[in-house]
Amino acid sequence: MFRILEKREMAERTVCEFKIEVPDIAKKAQPGQFVVIRANETGERIPLTMAGTDPEAGTINIIFQVVGKTTALLRSLGEGDEIVDIIGPLGVPTHVEKLGTVICVGGGTGVAVMYPITKAYKEAGNHVIAIVGARTKDLLILEEEMKAASHDLRVTTDDGSYGHHGFVTDVLKQILDGGDDVKLVVGIGPVPMMKFLCKMTKEYDVKTVVSLNPIMVDATGMCGACRVSVGGRTRFCCVEGPEFDGHQVDFDELVKRQRAYLTEEKVSMDRFTEQVPE
Amino acid sequence: MAEEKAKGKKREKVPRQKMLEQKPEDRVKNFDEVPFGYTPELARLEAGRCLQCKKPKCNDGCPVEIDIPAFIQLIYEGDFIGAAHKLKEQNSLPAICGRVCPQEDQCEKVCILGKKDEPVAVGRLERFAADWERAQGKIEIPEKDPPTGKRVAVAGSGPAGLTVAGDLIKKGHEVTIFEALHKTGGVLVYGIPEFRLPKAIVQAEIDYLAQLGVEIKAGYVIGRIKTVDELFEEGYDAIFLGLGAGLPLFMNIPGENLCGIYSANEYLTRSNLMKAYLFPEYDTPIAKGKNVAVFGAGNVSMDSARTALRLGADKVRIVYRRSRVEMPARIEEIHHAEEEGVEFHLLTTPARFMGDDDGWVTGMECIRMELGEPDESGRRRPIPIKGSEFSMDCDLVVVAIGAGANPLLPTTTPGLELNKRGYIVADEEDGKTTKKGVWAGGDIVTGSATVILAMGAGRHAANSMHDYLMSGQTTWP
């Protein structure tokens, strides 16, 4: 059992952050890694992002978007409540080195995954430009954190309510056109965003890394639920990822696999809403 | 003496006793265990068939060296608890082995009775004695040797790890099991279905180890949360790696990542470990196919096919590239699957999968095979017959053709040598790896095998670990 110490709601209650006491994971977790959570005894195992850790305090911060029953159930928990299982840190840590100029692009909840990675690239001595985007101003998360983690932060909103009116890829294009010697783009967000971002950076021939979020079950390299096609080969995201060369990823397949259980997810969610009327 | 002989003769005439079991038409509608097990009367009748050979061959057929005639004699005498204790001298998991061991290839294969008649039903008797002890609630906690002050870490709580933990705790060492999943038992809980091995039985065995003093940490991924070297730094003196199956193998054919195509590991993990068969009471979903194809013909394939039936499939086919005689599954499992209506499409292999616009599998193209000369496994090699392609509809596919090695721990453990398939190199006799103080056994060494072989490997490793810990040995190996 792991205790929730702090809870913060963001993006009009669609996103939630917990600070949780998990000393062993806090000590070991590195940027790019994730944890698997099982909320209660009848719960499913879902991979979630670590947006930060405090090894001294023995805490990790997880951020999740409320998209289905498990995340809705998690959001219903409060400070002092406990989560049955938190397993990790999982996945291969981000390979961070000093390259020069690095652009970190985060969309939606992907910004949470991006935050520790951005920080790590800056600490490694890179010039880090961050671009964060959201549908609208109120859904933007971690703006202050991303500002501190980068040298230059650009913000976009799809509806123009804040920052640049448009997509993160618009701003990325401007920077790439500007002639900076960009060594690496890291893109993390909804699959369509990553797909278009990779299409663009491929035209500019800039190396691009993405972090994928397929459905996982055991997440330790045993079941194969998380398989993704990269460069025409099947790879296992939980032990070989979550980061891959974005120019090689079959995003269309990923999106279809992510949607495999939409019907069941609705059944679960409806059942949950009936039991816990808000 | 004369009386003995007469009794022996009389014993032979009794036929091998069957276990009562659920009828096929009933059991495909539930996940309850199929056989009910022997009654005390049936068990004694069956035990009476044993010839009590002076030089029993059955013992040599057992990977964990159970004294088989001795425990059977105790059943015959009506001392069922005594029989259970006799089993536990050599086998800490008799209720499990009685259910899932391939006895027909081990103890029962060499039984003298089997030469003219059917062999003694050793497995059914083992199961009976272990179940009897559990049902009486008289689980004896054996005396442990005095504490040695040595600490042992066991990574993985499947059959190999549980055997090592059970053996070493009794020898006075401190033992901690680290399990990556949230529940202990490894393949016994995520892989083998409830209808073949009830999870309450596995839990009872694990509770027994906990009562013996084994510390159990679930949800602890060795290689990530702690490396092997960090375990040594924390004061563990010896480490056993029983990590189990790794990345599932696929066939590398087009369309394999369509939705509705599962590895057997995923399909069974969803159903068994995550209890997806109880969805939506449990949150984990599972695709319920109506028209299911399962590739491969081992025990895992049979488990997958029978799970699909229980989840409501109308038609379930085992598709296998060789013929019936090469099928690696236990005869009993094949028999149960056939009784339940699973169809067998032999000498057939898929060439590609077809899907709909949403990315769900709708069918597959198959090709017929013929058998050529034996390959390195000794089995005749299947060869595709040109022009024999045909298509089959299906809405769910389970690929049960084995597993490769899990890269997670080996890649974070310097000094641990792997073979070219990625499995850990360990001494066949004692399980020593190339890294000092580290042993390994089970599927992570051999690739997909059986519960009892993993237990045998655990037994040999435990003996070697004990010698190492007590000798103060500093050289390696």
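Residues numbered from 1 in each chain as written. Chains lettered and ligands numbered in written order. Predicted model: local features only at pLDDT ≥ 70, side-chain atom pairs only at ≥ 80, totals over all residues. Heavy atoms only, no water.

## Observations regarding the overall build of chain B
Turning to step 1, where the next piece is worked out: A count of helices and strands for chain B gives 17 helices and 16 strands.
Turning to step 2, where the next piece is worked out: For 477 residues, the compact-globule estimate of 2.2 N^0.38 gives 23 Å, and chain B sits close to it at 23 Å.
Turning to step 3, where the next piece is worked out: Here chain B holds 477 residues, and the buried ones make up 58% of them.
Turning to step 4, where the next piece is worked out: Of the contacts made within chain B by residues no fewer than 6 positions apart, 69% connect residues no fewer than 24 positions apart.
Turning to step 5, where the next piece is worked out: Working note: accessible area of chain B is about 19800 Å², and carbon and sulfur atoms make up 51% of it.
Turning to step 6, where the next piece is worked out: Placing the 61 positive and 70 negative side-chain charges of chain B at their respective mean positions leaves the two points 4 Å apart. (Helix = DSSP H or I, 4+ residues; strand = E, 2+ residues; numbered from the N terminus. Rg over C-alpha atoms; globule rule 2.2 N^0.38 Å. Buried < 20%, exposed > 50% of the residue type's maximum accessible area, 1.4 Å probe, protein only. Contact = heavy atoms within 4.5 Å. Areas by Shrake-Rupley, 256 points an atom, 1.4 Å probe, with all protein chains shown as cover. Lys, Arg positive; Asp, Glu negative; His and termini not counted. Charge placed at Lys NZ, Arg CZ, Asp CG, Glu CD.)

## Section: the sheet that holds strand E16 (residues 243–245) of chain A
Neighbouring strands of a sheet are bound in pairs by backbone hydrogen bonds; such pairs are parallel or else antiparallel.
All names here are of chain A.
Turning to step 1, where the next piece is worked out: Taken together, the 7 strands give an open sheet; going across it, the order is E11-E10-E9-E8-E12-E13-E16, and neighbouring strands pair in mixed fashion. Of all the strands in the sheet, the pair left with one neighbour each is strand E11 (164–165) and E16.
Turning to step 2, where the next piece is worked out: Pairing between strand E13 (residues 208–211) and E16: 3 bridges, direction antiparallel. Counterpart to Ser211 in the pairing with E16 is Glu243.
Turning to step 3, where the next piece is worked out: With respect to the sheet, helix H3 (residues 110–123) is in contact with strand E8 (101–107), strand E9 (127–134), strand E12 (182–188), E13 and E16, its orientation differing from that of E8 by roughly 165 degrees.
Turning to step 4, where the next piece is worked out: Relative to E9, helix H5 (residues 168–177) is tilted by about 155 degrees, and along the sheet it contacts E8, E9, strand E10 (152–157), E11 and E12. (Pairing = 2+ DSSP bridges. Axes fitted to C-alpha atoms, helices over the stretch in contact; angles between N-to-C directions.)

## Regarding the domain arrangement of chain A
Residues and elements named next belong to chain A.
Turning to step 1, where the next piece is worked out: Here chain A is described as being made up of domain 1 (2–90), domain 2 (94–210) and domain 3 (212–270).
Turning to step 2, where the next piece is worked out: One C-alpha centre belongs to domain 1, the other to domain 2; they are set 24 Å apart.
Turning to step 3, where the next piece is worked out: On the side of domain 2, 13 residues touch domain 1, which itself brings 14 residues to the contact.
Turning to step 4, where the next piece is worked out: The contact between domain 1 and domain 2 buries some 1100 Å² in all, and 66% of this surface belongs to carbon and sulfur atoms.
Turning to step 5, where the next piece is worked out: Taken together, domain 1 and domain 2 are joined by 1 salt bridge.
Turning to step 6, where the next piece is worked out: Taking the shortest distance from any N to any O, the salt bridge between Arg8 and Glu145 comes out at 3.3 Å. (Domains from an automatic or database assignment. Buried area = accessible area lost by both parts, 1.4 Å probe. Salt bridge = Lys/Arg side-chain N within 4 Å of Asp/Glu carboxyl O.)

## Examining unusual backbone geometry
Residues and elements named next belong to chain A.
Turning to step 1, where the next piece is worked out: Between Gly88 and the following residue, Pro89, the backbone shows a cis peptide bond with an omega angle of -5 degrees.
Turning to step 2, where the next piece is worked out: Locating Pro89 in the fold gives a position in strand E7 (residues 85–90).
Turning to step 3, where the next piece is worked out: Cis geometry marks the peptide bond from Gly241 to Pro242; its omega dihedral reads 10 degrees.
Turning to step 4, where the next piece is worked out: Within the element layout of this structure, Pro242 appears in the loop between helix H7 (237–240) and E16.
Turning to step 5, where the next piece is worked out: Unusually for a residue other than glycine, Asp205 sits at a positive phi of about 55 degrees.
Turning to step 6, where the next piece is worked out: Here Asp205 is to be found in the loop between helix H6 (191–203) and E13.
Turning to step 7, where the next piece is worked out: Here Asp205 falls in the exposed class, since its relative accessible area comes to 68%.
Turning to step 8, where the next piece is worked out: Phi is positive for Ala219, which is not a glycine, with a value near 65 degrees.
Turning to step 9, where the next piece is worked out: Position of Ala219 relative to the elements: it lies in the loop between E13 and strand E14 (227–230).
Turning to step 10, where the next piece is worked out: Residue class for Ala219 comes out buried when judged on its relative accessible area of 2%.

## A look at the packing of helix H3 (residues 40–47) of chain B against helix H4 (residues 68–76) of chain B
Residue and element names in this part refer to chain B.
Turning to step 1, where the next piece is worked out: Across the interface, H3 lies against H4 with an axial gap of 8 Å and an inter-helix angle of 130 degrees. In terms of orientation, H3 and H4 fall into the oblique class. Between H3 and H4 lies a crossing whose hand is left-handed. Here H3 contributes Ala43, Arg44 and Ala47 to the contact with H4, which in turn contributes Ile72, Ile75 and Tyr76.
Turning to step 2, where the next piece is worked out: Its residues assigned to classes, the contact of H3 with H4 shows 5 nonpolar, no polar and 1 charged. (Parallel < 35°, antiparallel > 145°, perpendicular 65-115°, else oblique. Left-handed = near helix turned anticlockwise from the far one by under 90°. Nonpolar A, V, L, I, M, F, W, Y, C, P; charged D, E, K, R; others polar.)

## Looking at the interface of chain A and chain B
Turning to step 1, where the next piece is worked out: Contacts between chain A and chain B engage 45 residues on the former and 45 residues on the latter.
Turning to step 2, where the next piece is worked out: Both faces combined, the contact of chain A with chain B buries some 3700 Å², and carbon together with sulfur accounts for 56% of it.
Turning to step 3, where the next piece is worked out: Summed over the three residues of chain A that lose the most area to chain B, namely Met222, Arg227 and Tyr261 of chain A, the buried surface amounts to 19% of that side.
Turning to step 4, where the next piece is worked out: The interface formed by chain A and chain B holds 3 salt bridges in total.
Turning to step 5, where the next piece is worked out: A salt bridge links Lys226 of chain B to Asp24 of chain A, with the nearest nitrogen and oxygen atoms 3.9 Å apart.
Turning to step 6, where the next piece is worked out: Seen at the junction of chain A and chain B, the total is 20 residue pairs in polar contact (both at pLDDT 80 or more).
Turning to step 7, where the next piece is worked out: Here the element with the most residues in the side of chain A that touches chain B is E7 of chain A; it accounts for 6 residues. (Polar contact = N/O pair within 3.5 Å; in protein donor to acceptor, adjacent residues only side chain to side chain.)

## Considering the packing of H4 of chain B against helix H5 (residues 80–90) of chain B
All names here are of chain B.
Turning to step 1, where the next piece is worked out: Direction vectors running N to C along H4 and H5 enclose 170 degrees, while the axes themselves pass 7 Å from each other. Here H5 runs roughly antiparallel to H4, going by the angle between their axes. Residue-level inspection shows Ala70, Phe71, Leu74 and Ile75 of H4 in contact with H5, the latter providing Phe80, Gly82, Ala83, Lys86 and Leu87.
Turning to step 2, where the next piece is worked out: Split into classes, the residues belonging to the contact of H4 with H5 amount to 7 nonpolar, 1 polar and 1 charged.

## Notes on the nonpolar core
Turning to step 1, where the next piece is worked out: In this structure, Ile68, Phe71, Ile72, Ile75, Ile96 and Leu125 of chain B are the most contacted members of the largest nonpolar core, which totals 79 residues.
Turning to step 2, where the next piece is worked out: Ranked by residue count, the leading element in this core is helix H17 (residues 451–471) of chain B, at 9 residues.
Turning to step 3, where the next piece is worked out: Met200, Val230 and Cys237 of chain A together with Ala293 of chain B belong to the second-largest nonpolar core, a separate cluster that totals 55 residues. (Core = buried A, V, L, I, M, F, W, Y, C linked by side-chain atoms within 4.5 Å.)

## Some words on the confidence of the model for chain B
All names here are of chain B.
Turning to step 1, where the next piece is worked out: Model confidence for chain B is summarised by a mean pLDDT of 92, while 97% of its residues fall at 70 or above.
Turning to step 2, where the next piece is worked out: The low-confidence segment residues 1–9 (pLDDT under 50) makes 2 contacts with residues lying over four places distant or belonging to another chain.
Turning to step 3, where the next piece is worked out: For this predicted complex, the interface score ipTM comes out at 0.95, alongside a pTM of 0.93. (pLDDT = per-residue confidence, 0-100.)

## Side note on the pairing of strand E2 (residues 15–21) of chain A
Residue and element names in this part refer to chain A.
Turning to step 1, where the next piece is worked out: Burial of E2 is extensive: 5 of the 7 residues sit out of reach of the surface.
Turning to step 2, where the next piece is worked out: Two elements, strand E1 (residues 2–10) and E2, share 6 bridges in a ladder whose sense is antiparallel. Bridge pairing in E2 links Glu6 to Lys19.
Turning to step 3, where the next piece is worked out: Between the end of E1 and the start of E2, which pair antiparallel, lie 4 residues, with Ala11 showing a positive phi angle near 45 degrees.
Turning to step 4, where the next piece is worked out: Relative to strand E5 (residues 59–65), E2 is paired through 7 bridges, and the arrangement is antiparallel. Residue pairing across strands places Lys19 opposite Asn61, the latter belonging to E5.

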